[in-house]
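Spelled out from the first residue to the last, the chains are:
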Amino acid sequence: MNKNSYIKKISEHLCCDIEYAIKIVNILDDNFFISKRSKDKIIKELISSLNIEEKSAILIYEEAIIIIKEELKNT
């Protein structure tokens, strides 16, 4: 999946605008988000960068993982 389609899927899954989805994808791109240590770091970055609560950051992280898993399953 290319970056633009990933941004679009994030936007659709989270019901947010493209600019917000771009911010999310940029944070995810800056981190290797498969490991537990990275998960905690990404969640903290989402909280601070997007000025959101931890619950929302966890939801964003989990949706991003779901999209990646769906893409891997479909390839």
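The present account deals with the structure reproduced in this document. Here the structure is a predicted model, which is why all the values come from computation and not from measurement.

**Let's talk about the overall build of the chain**
Across its full length, the chain holds four helices and zero strands. The burial tally for the chain puts 35% of its 75 residues in the buried class. In the chain, 39% of the contacts between residues at least 6 apart in sequence involve partners at least 24 apart. Of the roughly 5,100 Å² of accessible surface on the chain, a fraction of 52% belongs to carbon and sulfur atoms. For the chain, the distance from the average site of its 12 positive side-chain charges to the average site of its 13 negative ones is 5 Å.

**Structural notes on the packing of helix α1 (residues 3-14) against helix α4 (residues 54-74)**
The contact between α1 and α4 brings their axes to 10 Å, and the two run at 125°. In terms of orientation, α1 and α4 fall into the oblique class. Crossing hand, α1 versus α4: right-handed. Across the interface between the two elements, Y6, K9, I10, H13 and L14 from α1 touch I60, E63, A64, I67, I68, E70 and E71 from α4. A per-class count over the contact of α1 with α4 returns seven nonpolar, one polar and four charged.

**Side note on the environment of E62**
For E62, the position within the fold is in helix α4. E62 gets classed as partly exposed once you look at its relative accessible area, which sits at 40%. Taking the C-alpha atoms as reference points, E62 and K39, 23 residues apart in sequence, are found 9.6 Å from one another.

**Some details on α4**
For α4, which comprises 21 residues, the first-to-last C-alpha distance of 30 Å matches the rise-based estimate of 30 Å (1.5 Å per residue) to within 8%. Considered for burial, the residues of α4 that qualify are A57, I60, Y61, E63, A64, I65 and I67. Looking at the buried residues of α4, the elements they touch are α1, α2 (18-29) and α3 (36-50).

**Focus on unusual backbone geometry**
Located in the positive-phi region is C15, a residue other than glycine, with phi close to 55°. As for its position among the elements, C15 is in the loop between α1 and α2.

How each quantity is defined
- Residues numbered from 1 in each chain as written.
- Predicted model: local features only at pLDDT ≥ 70, side-chain atom pairs only at ≥ 80, totals over all residues.
- Heavy atoms only, no water.
- Helix = DSSP H or I, 4+ residues; strand = E, 2+ residues; numbered from the N terminus.
- Buried < 20%, exposed > 50% of the residue type's maximum accessible area, 1.4 Å probe, protein only.
- Contact = heavy atoms within 4.5 Å.
- Areas by Shrake-Rupley, 256 points an atom, 1.4 Å probe, with all protein chains shown as cover.
- Lys, Arg positive; Asp, Glu negative; His and termini not counted.
- Charge placed at Lys NZ, Arg CZ, Asp CG, Glu CD.
- Axes fitted to C-alpha atoms, helices over the stretch in contact; angles between N-to-C directions.
- Parallel < 35°, antiparallel > 145°, perpendicular 65-115°, else oblique.
- Left-handed = near helix turned anticlockwise from the far one by under 90°.
- Nonpolar A, V, L, I, M, F, W, Y, C, P; charged D, E, K, R; others polar.
- Expected span 1.5 Å × (residues − 1).

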